[in-house]
Amino acid sequence: MDDDIRPGRLLVATPLLEDPNFRRSVVLVVDHGQEEGTLGVVLNRPTEVEVGQILPPWADLLEGGGAAYQGVVFQGGPVALDSALALARITGADDPVGWRGLGGIPAVARIGLVDLDSPPSLLKGGVDRFRVFAGYSGWNAGQLRSEIEEGSWYVVPGEPSDVFGDDPDRLWQGVLRRQGGDLAFVATYPEDPSLN
């Protein structure tokens, strides 16, 4: 396991992390700086709220996707739940206006943040996946590193299927399983160890 925190990496909650905001969560790091801290979104917390209810102009960008959970808002974290941010995977070689790539690791190079204040038409036809998050997860400078050292998080590479997957309930186990070794074993950890 590599603890190199940077955009595109996943923070996977260890079984020791009992905070209900992050229990069994998978967080995509979208921004990280030594001085600024870390910003991410929880990938496996879908809500029942439709994107069209809170961001009607952006609902058209979701049409025709057919993927489960594509039209719902996800809870990105406990911070600023009254705000929204969005991620999109672009299809072309050029970066569209209103989209900023995460950078970080090559596996997620075509995934980026969407400026929800820009017209959705700027991205129409150039995006094959789109997801909206209410709120975000944030750590002050050094805070996340301390939590990792305490055993609260595993830091692993992300894949596009993690960000836009159709089965958020199984994401935690799936990400851990594909790591192999000890982390694959952690994926079998029971929800409630006292029932074991």
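It should be emphasised that the depicted structure is a prediction, and the values quoted were computed from it without experimental measurement.

> Please clarify how the overall build of the chain should be interpreted in this entry.
A tally of helices and strands in the chain yields six helices and ten strands. The C-alpha radius of gyration computed for the chain amounts to 16 Å, which stays within 12% of the reference 16 Å derived for 196 residues, consistent with globular compactness. Overall, the chain is about 50 × 35 × 30 Å in size when its C-alpha atoms are taken along their principal axes. Counting every position in the chain, which comprises 196 residues, the buried fraction comes to 45%. Total accessible area on the chain is roughly 9600 Å²; 49% of this is exposed by carbon and sulfur atoms.

> Help me understand the pattern of salt bridges in this model?
A side chain with one charge can pair with a side chain of the opposite charge if their charged atoms come near. A full pass over the atoms with the stated rule returns nine salt bridges. Residue Asp-4 pairs with Arg-9 through a salt bridge whose shortest N-O separation is 3.9 Å. Assessed through its relative accessible area of 6%, Arg-9 is described here as buried. Between Arg-178 and Glu-159 there is a salt bridge; the shortest N-O distance is 3.4 Å. Of this pair, Arg-178 sits in helix H5 (residues 171-179) while Glu-159 sits in the loop between strand E10 (153-157) and helix H4 (160-163), and the two are 19 residues apart along the sequence. Linked through salt bridges whose partners overlap, the residues forming this network are Asp-4, Arg-6 and Arg-9.

> Just to check I follow, could you spell out unusual backbone geometry for this structure?
With the exception of glycine, most residues fall at negative phi, and the peptide bonds are largely trans. Even without being a glycine, Arg-24 presents a positive backbone phi close to 55°. In this fold, Arg-24 is placed in the loop between strand E1 (9-13) and strand E2 (26-33). For Ala-80, which is not a glycine, the phi torsion comes out positive at approximately 50°. Tracing the backbone through its elements, the reader meets Ala-80 in strand E6 (residues 79-90).

> Hey, could you run me through the side chain of Ser-137 in this one?
Along the chain, Ser-137 turns up in strand E9 (residues 127-139). From its side chain, Ser-137 meets the backbone oxygen of Gly-76 in a polar contact 3.0 Å long. Sequence-distant contacts of Ser-137, defined by excluding residues within four places in its chain, comprise Phe-22, Val-27, Thr-38, Leu-39, Gly-40, Val-42, Gly-76, Gly-77 and Pro-78.

> Even after reading the chapter, I still don't get the environment of Glu-48, so can you show me in this structure?
Within the secondary structure, Glu-48 sits in strand E4 (residues 46-50). What makes Glu-48 exposed here is its relative accessible area of 77%. Each C-alpha atom, one on Glu-48 and one on Pro-78, is 17 Å from the other, the two residues being 30 residues apart in sequence.

> Mind showing me how you'd approach H5 here?
An α-helical turn contains 3.6 residues, so any two residues separated by three or four positions project in the same direction. Here H5 has its buried residues at Leu-171, Trp-172, Gln-173, Val-175 and Leu-176. Contacts made by the buried residues of H5 are with E1, E2, E10, H4 and helix H6 (181-186). After H5 finishes, the residue Gly-180 shows a positive phi value of roughly 75°.

> How should the nonpolar core be read in this particular structure?
Val-12, Leu-28, Leu-43, Leu-87 and Trp-153 are the most contacted members of the largest nonpolar core, which totals 41 residues. Looking at this core element by element, the count peaks at five residues for E2. One finds Leu-55, Ala-86, Leu-116 and Val-132 within the second-largest nonpolar core, a separate group that totals 16 residues.

> Any chance you could explain the pairing of E6 here in plain terms?
Pairing of E6 with E9, which is carried by eight bridges, proceeds in the antiparallel orientation. Across the sheet, Val-79 pairs through a bridge with Tyr-136, a residue of E9. Where E6 and strand E8 (residues 111-114) come together, four bridges link them in antiparallel fashion. Its bridge partner being in E8, Ala-86 is matched across the sheet by Val-114.

> Can you help me understand the pairing of E9 in this one?
On a regular strand, each side chain points to the face opposite its neighbour's, so the side chains alternate between the two faces of the sheet. Along E9, ten of the 13 residues are buried, which leaves the element largely enclosed by surrounding structure. Pairing of strand E5 (residues 72-75) with E9 involves three bridges; the strand directions are parallel. Each residue of the ladder has a partner; that of Val-73, found in E9, is Val-132.

Parameters and conventions
- Residues numbered from 1 in each chain as written.
- Predicted model: local features only at pLDDT ≥ 70, side-chain atom pairs only at ≥ 80, totals over all residues.
- Heavy atoms only, no water.
- Helix = DSSP H or I, 4+ residues; strand = E, 2+ residues; numbered from the N terminus.
- Rg over C-alpha atoms; globule rule 2.2 N^0.38 Å.
- Buried < 20%, exposed > 50% of the residue type's maximum accessible area, 1.4 Å probe, protein only.
- Areas by Shrake-Rupley, 256 points an atom, 1.4 Å probe, with all protein chains shown as cover.
- Salt bridge = Lys/Arg side-chain N within 4 Å of Asp/Glu carboxyl O.
- Polar contact = N/O pair within 3.5 Å; in protein donor to acceptor, adjacent residues only side chain to side chain.
- Contact = heavy atoms within 4.5 Å.
- Core = buried A, V, L, I, M, F, W, Y, C linked by side-chain atoms within 4.5 Å.
- Pairing = 2+ DSSP bridges.

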